[in-house]
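Structural characterization, general
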Amino acid sequence: MTLAPEQRQEQVEGRPGAGRSRSFPVADAWAAAFDALPRSLFLPDLVWAHDMATGTSRPVDRTTDEDGWLEVAAADVPVVTQWDDGAHHGTSPGTVPTSSASQPSLVASMLDDLQAEPGMRVLEQGTGTGWNAALLARRLGDANVTTIEIDPAVAARARTALEHAGHRPETVCGDGAAGHSPGAPYDRIAATYGVRDIPHAWIEQTRPGGIILAPFGTHYSNADALVRLTVHRDGTASGPFLRPVEFMKMRSQRLRPPQHPADGGTLTESTTTATLPEHGKVDPFPFAAGLRLPDVTHAVQPHHDGARTLWLYSLTAPAWAAVTFRDGQDEHPVRQYGARRLWEDFERTIAWWHEAAEPGVDRLGLAVTAHGWRAWLDDPARPI
């Protein structure tokens, strides 16, 4: 059974634990918005609850399991709402999640990090379900919120959900990389997808002293860290990373799988005594390594005997390196292809990380100009 929006509102508000009894912290300034706008008002009937520990997603269909759907809607878990840019059909998970409703505790913490106050104008990058835009509109006013969504179907559904929830922020279907100049200047720009470069249009459309909040990472790994940039009068922006996160990526900045050149170059073999730092999703080294090697991506290949091979690929030249690590061995074989000595670059990055006392994301920051970005350690005057 599919309920009308007004019936869904009544049923959700009447369910213990759905909407009003939260399982996640919310700053006092945003509590009224979260109480008035439970996530369930913005979810489609078919969603996929994502388990962050296993990386798996399971379908939950309101039409066949309403109690389970309401439980997922109220839970502090991310929910996938679209696969494969809308090309996926059926209830089984697709290949790549391409739209979602973020974990509610993360939504709440990012709204707090945004430091937005009533009367400020906010541009949201990535409308998704419309829930975050609704929360912003509830506190700041519809006229002060503009939200951009690149996918026409996702944008249309979000606009409908927002209207049913009683809010009409300006909802634009377009590429967020260009911002939205008719509404500029903004006091705040908030991205709900990961970026590998900060579009300069965002800086141009933010007033001096304004804030850009975005999940930022490099192509080295899929990991992001939330960065809060303050825009300066000279057209630049800078600020610290706050904490690790992981988001779907801006469509125009997705990683294209690197080619593995096999002919026309030189293959060399050597050994190394280096120890590979931990490479898990929440480990600090991969994020820091990407800031030093932004044009490199990697993969870790496990072997049946417990060994693991680190593959490094240059994104700007036909070059790769492969190093196989086995526990208990002091030397590890290195193979490299191409003119660029990727493994030597990587060894220097390992040495830098150890010399810097193995910094986490909270010691790192970003400076952005019209020509690109550079990362810094502890202070903007200490570029990486």
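Everything that follows concerns the structure shown earlier in this document.
Now for a description of the structure that goes with this document. Here the structure is a predicted model, which is why all the values come from computation and not from measurement.

Digging into helix 6 (residues 152–164)
When the terminal C-alpha atoms of helix 6 are compared, their 19 Å separation across 13 residues agrees well with the 18 Å that a helix rising 1.5 Å per residue should span. All of the buried residues along helix 6 are V154, A155, A158, A161 and L162. Relative to the axis of helix 6, the buried residues are bounded by an arc of 130 degrees and lie together on one face. Of the exposed residues in helix 6, the ones pointing more than 90 degrees away from its buried face are P152, A153 and H164. In this structure, the buried side of helix 6 is in contact with strand 3 (79–83), strand 4 (97–101), helix 5 (131–140), strand 6 (145–149) and strand 7 (170–173). Where helix 6 begins, the side chain of D151 points an oxygen toward the backbone nitrogen of A153, at a separation of 3.0 Å. G166 sits one or two positions beyond helix 6 and adopts a positive phi of about 90 degrees.

Things to note about the sheet that holds strand 15 (residues 320–325)
Reading across from one edge, 12-16-15-14-13 is the order of the five strands in this open sheet, with antiparallel pairing throughout. With one partner strand each, in any of the chains shown, strand 12 (267–272) and strand 13 (296–302) form the two edges of the open sheet. The average angle at which neighbouring strand axes cross in this sheet is 20 degrees, direction not considered. Note that strand 14 (residues 308–314) and strand 15 share six bridges and pair antiparallel. The partner of L312 across the bridge, within strand 15, is A321. Along the sheet face, helix 9 (residues 342–355) touches strand 12, strand 13, strand 14, strand 15 and strand 16 (332–337) and points at about 110 degrees away from the line of strand 14.

Focus on the packing of aromatic side chains
Scanning all chains against the criterion turns up 14 aromatic pairs. With a centroid separation of 6.3 Å and an interplanar angle of 55 degrees, the aromatic rings of F325 and W343 are classed as tilted. One end of the pair, F325, is in strand 15; the other, W343, is in helix 9, and 18 residues separate them in sequence. Its guanidinium or amino end placed over the ring of W30, R139 lies 4.9 Å from that ring's centre, counting from NZ or CZ.

A closer look at the pattern of salt bridges
Across all of its chains, the model carries 18 salt bridges by this definition. Among the ionic pairs, D224 bridges to R196, the shortest N-O distance being 2.7 Å. Of this pair, D224 sits in strand 10 (residues 224–231) while R196 sits in the loop between strand 8 (186–191) and helix 7 (200–204); the two residues are 28 residues apart in sequence, bridging distant segments of the chain. Among the residues examined, D224 registers a relative accessible area of 1% and is labelled buried. Using a relative accessible area of 7% as the deciding quantity, one classes R196 as buried. A cluster of three or more residues bridged by salt bridges with shared partners is formed by D85, D151, R251 and R254.

Notes on the sheet that holds strand 4
Ordered by their spatial adjacency, four strands build an open sheet running 2-1-3-4, and the pairing between neighbours is antiparallel. Pairing within the sheet leaves two strands with one partner each, and these edge strands are strand 2 (56–61) and strand 4. Here the strands of the sheet are splayed against their neighbours by 40 degrees on average, with no regard to which way each runs. Bridge count between strand 3 and strand 4: four bridges; the pairing is antiparallel. Bridging from a neighbouring strand, V79 pairs with A101 of strand 4. Packing against the sheet, helix 3 (residues 66–74) makes contact with strand 1 (46–51), strand 2 and strand 3, and its axis sits at approximately 130 degrees to strand 2.

What counts, and at which threshold
- Residues numbered from 1 in each chain as written.
- Predicted model: local features only at pLDDT ≥ 70, side-chain atom pairs only at ≥ 80, totals over all residues.
- Heavy atoms only, no water.
- Helix = DSSP H or I, 4+ residues; strand = E, 2+ residues; numbered from the N terminus.
- Expected span 1.5 Å × (residues − 1).
- Buried < 20%, exposed > 50% of the residue type's maximum accessible area, 1.4 Å probe, protein only.
- Arc of directions from axis to C-beta.
- Contact = heavy atoms within 4.5 Å.
- Polar contact = N/O pair within 3.5 Å; in protein donor to acceptor, adjacent residues only side chain to side chain.
- Pairing = 2+ DSSP bridges.
- Axes fitted to C-alpha atoms, helices over the stretch in contact; angles between N-to-C directions.
- Phe/Tyr/Trp six-rings, centres within 6.5 Å; stacked < 30°, edge-to-face > 60°.
- Lys NZ or Arg CZ within 6 Å of the ring centre and 35° of its normal.
- Salt bridge = Lys/Arg side-chain N within 4 Å of Asp/Glu carboxyl O.

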